[in-house]
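The primary structure of each chain is shown beneath.
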Amino acid sequence: NTDIGDIITQGNFGWWCQSNNPQRFTQTVDLACNADLQTLGNIGYEYLMAHYTVENSYNIITKNLKK
């Protein structure tokens, strides 16, 4: 129960489905197998650099410490 599924699907660099739905899982795997993984990797990297750098993490942590 995390927001990672929302992050990767909204960021358009990955897939997510509930584990209790085998049909949806199969569809999701089919999407992954037919995707342009180079492009998705680039999008994921850009997202990572925009949201999860050391500087960004530091700013989030120190912002919460000041409260």
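Being a predicted model, the structure only gives us computed values, none of them experimental.

**Topic: the overall build of the protein chain**
Phase 1 of the analysis: When helices and strands are tallied, the protein chain shows 4 helices and 0 strands.
Phase 2 of the analysis: Taken from the N to the C terminus, the helices and strands of the protein chain come in the order α-α-α-α.
Phase 3 of the analysis: Computed over the C-alpha atoms, the radius of gyration of the protein chain is 15 Å, more than 25% above the 11 Å expected from 2.2 N^0.38 for a compact globule of 67 residues.
Phase 4 of the analysis: Considering only C-alpha atoms, the protein chain reaches an extent of 45 × 30 × 15 Å along its principal axes.
Phase 5 of the analysis: Taken over 67 residues, the protein chain has a buried fraction of 16%.
Phase 6 of the analysis: Total accessible area on the protein chain is roughly 5,700 Å²; 55% of this is exposed by carbon and sulfur atoms.
Phase 7 of the analysis: Looking at the protein chain, you have 4 positive and 6 negative side-chain charges, and the mean spots of the two groups are 16 Å apart.

**Focus on the packing of aromatic side chains**
Phase 1 of the analysis: For the structure shown, the criterion picks out 2 aromatic pairs.
Phase 2 of the analysis: Taken together, a centroid distance of 5.1 Å and an interplanar angle of 45° make the contact between Phe13 and Tyr47 tilted. One end of the pair, Phe13, is in the loop between α1 (4-10) and α2 (22-33); the other, Tyr47, is in helix α3 (residues 37-51), with 34 residues separating them in the sequence.
Phase 3 of the analysis: Residue classification places Tyr47 among the partly exposed positions, given a relative accessible area of 23%.
Phase 4 of the analysis: An angle of 40° between the planes, with centres 6.3 Å apart, marks the rings of Tyr47 and Tyr52 as tilted.
Phase 5 of the analysis: The exposure class assigned to Tyr52 is partly exposed, which follows from its relative accessible area of 45%.
Phase 6 of the analysis: An aromatic cluster is built from Phe13, Tyr47 and Tyr52, whose rings are joined through pairwise contacts.

**Points about the environment of Asn12**
Phase 1 of the analysis: Here Asn12 is to be found in the loop between α1 and α2.
Phase 2 of the analysis: In this structure, the C-alpha to C-alpha distance between Asn12 and Tyr52, residues 40 residues apart in sequence, is 16 Å.

**Description of unusual backbone geometry**
Phase 1 of the analysis: The backbone of Asn12 sits at a positive phi, close to 60°, despite the residue not being glycine.
Phase 2 of the analysis: By relative accessible area, Asn12 is classed as exposed at 54%.

**Examining the confidence of the model for the protein chain**
Phase 1 of the analysis: Per-residue pLDDT for the protein chain has a mean of 90; in total, 97% of the residues score no lower than 70.
Phase 2 of the analysis: For the protein chain, helix α4 (residues 54-65) is the element with the lowest average pLDDT, namely 87, and α2 is the one with the highest, namely 95.

**Overview of a nonpolar patch on the surface**
Phase 1 of the analysis: A contiguous nonpolar patch, built from Tyr45, Leu48, Met49 and Tyr52 and spanning about 420 Å² of accessible area, is present on the exposed surface.
Phase 2 of the analysis: Tracing the chain through its elements places Leu48 in helix α3.
Phase 3 of the analysis: By relative accessible area, which is 44% here, Leu48 ends up partly exposed.

Parameters and conventions
Residues numbered from 1 in each chain as written. Predicted model: local features only at pLDDT ≥ 70, side-chain atom pairs only at ≥ 80, totals over all residues. Heavy atoms only, no water. Helix = DSSP H or I, 4+ residues; strand = E, 2+ residues; numbered from the N terminus. Rg over C-alpha atoms; globule rule 2.2 N^0.38 Å. Buried < 20%, exposed > 50% of the residue type's maximum accessible area, 1.4 Å probe, protein only. Areas by Shrake-Rupley, 256 points an atom, 1.4 Å probe, with all protein chains shown as cover. Lys, Arg positive; Asp, Glu negative; His and termini not counted. Charge placed at Lys NZ, Arg CZ, Asp CG, Glu CD. Phe/Tyr/Trp six-rings, centres within 6.5 Å; stacked < 30°, edge-to-face > 60°. pLDDT = per-residue confidence, 0-100. Patch = residues over 30% accessible without salt bridge, like charges linked within 9 Å, V, L, I, M, F, W, Y side chains within 5 Å. Salt bridge = Lys/Arg side-chain N within 4 Å of Asp/Glu carboxyl O.

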